[in-house]
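Commentary on secondary and tertiary structure
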Amino acid sequence: MRIATWNVNSLRARIDRVADFLKRHDVDVLALQETKVKDDKFPRERFDELGYEIAFHGLNQWNGVAIASRVGLQDVTVAFPEQPGWGDDEPVVEARALGATVGGGTREDGTAVPRVRLWSLYVPNGREIGHPHMDYKLRWLHTLAGHAGQWAAEETPLVLMGDFNVAPLDTDVWDIAAFEGLTHVTPPEREAFGALEQAGLVDVVRPHTETDTYTYWDYQQLRFPKRQGMRIDFALGSPSFAELVTGAFVDREERKGKGASDHAPVVVELGGSEAGTRA
DNA sequence: ATGGCTTTTTATAAAAGA
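For chain A, an unreviewed UniProt entry supplies the name Exodeoxyribonuclease III and the organism Kytococcus schroeteri. Under the Sequence similarities (unreviewed entry) heading, UniProt states for chain A: "Belongs to the DNA repair enzymes AP/ExoA family."

Now the structure itself:
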């Protein structure tokens, strides 16, 4: 079974790329972020045609998350408990978190599909050090981490996937010196990301990738051809999920060409359960 | 050079991204 996550930076602008990606890599489940589409304009027909069930949540042109699955899609949850909102007087809980349970059935060939509890997450950017959005980002991550331990203790393997907007290691950016005074690499952000790891989650992709593997390259300054990127998109799994993982990669090809998102998809390969392993 | 790119909107300038 293959599960992927991708910040598409507008789903409607890239729906053909998404369809090609699903086919090319034989992806069973895809978590999307920054769909930038309100629910009433979501291109659900495209997923129907491709044979995927789809859950989505978008309030306006900002943010937006979705989960597509061709191995079942159940118990969809919009937002996590106590998810912080954004705004002065009446904070709005933005479209940044969508949970669903996928898999759990049997394939046509009789092999078992692992059952997985999945969250598609789009962590607030933070904007600038000292900006209220940074406080929002930190509260958002710490609140999420406050629930992660309990979720990870459930029987169903858990994975939090998405754009975390934090580069946990200095080597996760192309030049740490160039990030002096900028967001994504500050100690408070790394601590907030670390809280998820302290809750028992592990990065299931890093062990399968090179140190200089990135998931994001700025549209400006020719960052992609210069290989000047950031690793900020992750799949954090519970121990039981991590045991299922047999491989992972970043699809760098998706960042190439006209009409690419500034993020590349991250793909996680799962082996079968005891009941059967897919060939 | 207070930008350089890309997307959205009941647009056509401003916000957001990172």
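**What about the protein's contact with DNA strand B?**
Around DNA strand B, the structure places 25 residues, and the nearest of them are Ser-10, Asn-125, Arg-127, His-184 and His-263. The sugar and phosphate moieties of DNA strand B supply 69% of its atoms located within 4 Å of the protein. Asn-165 has a polar side-chain atom sitting 3.0 Å from a phosphate oxygen of DNA strand B. Of the residues assigned to the surface near DNA strand B, the class counts are seven nonpolar, 10 polar and eight charged.

**Quick look at the nonpolar core**
Judged by nonpolar contacts, the single largest core of 32 residues is most densely connected at Ile-3, Val-116, Leu-118, Phe-241, Val-268 and Leu-270. For this core, the secondary-structure elements that each account for two or more residues are β4 (65-69), β6 (97-102), β7 (116-122), β8 (158-163), α5 (239-244), β11 (245-250) and β12 (266-270). If sequence neighbours within four positions are ignored, Ile-3 has contacts with Val-29, Val-116, Leu-118, Met-161, Phe-241, Val-266, Val-267, Val-268 and Leu-270. In this structure, Ala-148, Phe-193, Leu-196 and Phe-234 belong to the second largest nonpolar core, which totals 26 residues.

**Brief notes about the layout of surface pockets**
A volume near 800 Å³ is recorded for the largest pocket. Lining the largest pocket we find 32 residues, and of these Asn-125, Asn-165, His-184, Tyr-216 and Asp-218 sit closest to its centre. Tallied by class, residues from the lining of the largest pocket come to 11 nonpolar, 11 polar and 10 charged. Taken together, His-208, Thr-209, Glu-210, Asp-212, Thr-213, Tyr-214, Trp-217, Arg-227, Phe-249, Val-250 and Arg-252 make up the lining of the second largest pocket. Per-class residue counts for the lining of the second largest pocket are four nonpolar, three polar and four charged.

**So, the environment of Gly-237**
Inspection of the secondary structure puts Gly-237 in strand β10 (residues 233-237). Taking the C-alpha atoms as reference points, Gly-237 and Lys-41, separated by 196 residues in sequence, lie 32 Å from one another. Setting aside residues no more than four positions away along its own chain, Gly-237 makes contact with Leu-158, Val-159, Gly-200, Leu-201, Val-202 and Val-204.

Parameters at a glance
Residues numbered from 1 in each chain as written. Chains lettered and ligands numbered in written order. Predicted model: local features only at pLDDT ≥ 70, side-chain atom pairs only at ≥ 80, totals over all residues. Heavy atoms only, no water. UniProt positions renumbered as here; feature names shortened; annotations may be inferred. Near = heavy atom within 4 Å. Polar contact = N/O pair within 3.5 Å; in protein donor to acceptor, adjacent residues only side chain to side chain. Nonpolar A, V, L, I, M, F, W, Y, C, P; charged D, E, K, R; others polar. Core = buried A, V, L, I, M, F, W, Y, C linked by side-chain atoms within 4.5 Å. Buried < 20%, exposed > 50% of the residue type's maximum accessible area, 1.4 Å probe, protein only. Helix = DSSP H or I, 4+ residues; strand = E, 2+ residues; numbered from the N terminus. Contact = heavy atoms within 4.5 Å. 1 Å grid on protein atoms, 1.4 Å probe; cavity = no way out; pocket = protein on both sides within 12 Å on 5 of 7 lines; lining within 4 Å. Points joined across faces, edges and corners; volume = space filled by probe spheres on them.

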